[in-house]
Amino acid sequence: MQTLQQKASEWSGVKQEDAFAIDQVNLFDKLGLQPFINLSTDFYTRVYEDQEEWFRSIFADSKKEDAIQNQYEFFVQRMGGPPLYSQRKGHPALIGRHRPFPVTHKAAERWLHHMQQALDNATDIDQESKTRMLNFFRHTAYFLVAGNDLKNESQGPPPCKHGDSKPAAD
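Residues numbered from 1 in each chain as written. Predicted model: local features only at pLDDT ≥ 70, side-chain atom pairs only at ≥ 80, totals over all residues. Heavy atoms only, no water.

Attention now goes to the pattern of salt bridges. When charged atoms on two side chains of opposite charge get close, those side chains can pair. Inspection of the entire model under this criterion finds six salt bridges. In this structure, Lys30 and Asp126 form a salt bridge, with 3.2 Å as the shortest nitrogen-oxygen distance. Separated by 96 residues along the polypeptide, Lys30 in helix H3 (residues 27-31) and Asp126 in the loop between helix H9 (105-121) and helix H10 (127-152) bring together distant segments of the chain. We classify Asp126 as partly exposed; its relative accessible area is 28%. The salt bridge partner of Glu109 is Arg138, with a shortest N-O separation of 2.8 Å. Separated by 29 residues along the polypeptide, Glu109 in helix H9 and Arg138 in helix H10 bring together distant segments of the chain. We classify Glu109 as partly exposed; its relative accessible area is 32%. (Salt bridge = Lys/Arg side-chain N within 4 Å of Asp/Glu carboxyl O. Helix = DSSP H or I, 4+ residues; strand = E, 2+ residues; numbered from the N terminus. Buried < 20%, exposed > 50% of the residue type's maximum accessible area, 1.4 Å probe, protein only.)

Here's what the structure looks like:
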């Protein structure tokens, strides 16, 4: 049986080592806070204005400002910055926090479409960082799809590497 990480790699087309290349460079130290805020703001503006009602409906019970804050705080924490998300909300537990939502292949691709556009629009993030981030986002989106499949099989999720704020020390 494949692990969630293996399924994420297969479905996303991103190898785990490429997905976790974000751990090789502290992107928070490199970029600072504002690019993460800008990226999340641009992303959620696109999401909340999406032409597809089925996709917008996934976010209907969330305030845009809260979604933006949750996302940029998670990105900051996961990409080497202070644990803003965990300090405010507890462990990210991505699969558990996304459990109420229909995280399907179609939804992952729509999410990634908006994230790709937001990254393309980001003038305050260099190309190498964008590539690292997109590989992580693509892999993580499909990690959540695999978690959704597991939910549908009525099993509990395994521990989540994506929640670590920094890579484990050797």
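Still more ground to cover, so stick around.
Another aspect to go through is the environment of Tyr142. Of note, Tyr142 is situated in helix H10. With relative accessibility at 3%, the residue Tyr142 sits in the buried group. C-alpha of Tyr142 to C-alpha of Lys7: the two residues are 135 residues apart in sequence and 7.5 Å apart in space. Those residues in contact with Tyr142 that lie beyond four places of it in its chain are Ala8, Trp11, Ser12, His105, Ala108, Glu109 and Leu112. (Contact = heavy atoms within 4.5 Å.)

Let us now look at the packing of aromatic side chains. In the structure shown here, the tally under the stated rule is 12 aromatic pairs. On the basis of an interplanar angle of 65 degrees and a centroid distance of 6.4 Å, the ring pair of Phe20 and Phe136 is categorised as edge-to-face. Note that Phe20 is positioned in the loop between helix H2 (16-19) and H3 and Phe136 in helix H10, a separation of 116 residues in sequence. For the pair shown, Phe20 and Phe136 are each scored as buried. Their ring planes at 75 degrees and their centres at 5.6 Å tell us that Trp54 and Phe55 sit as a pair that is edge-to-face. (Phe/Tyr/Trp six-rings, centres within 6.5 Å; stacked < 30°, edge-to-face > 60°.)

By themselves, these are just geometric observations and shouldn't be taken as functional.
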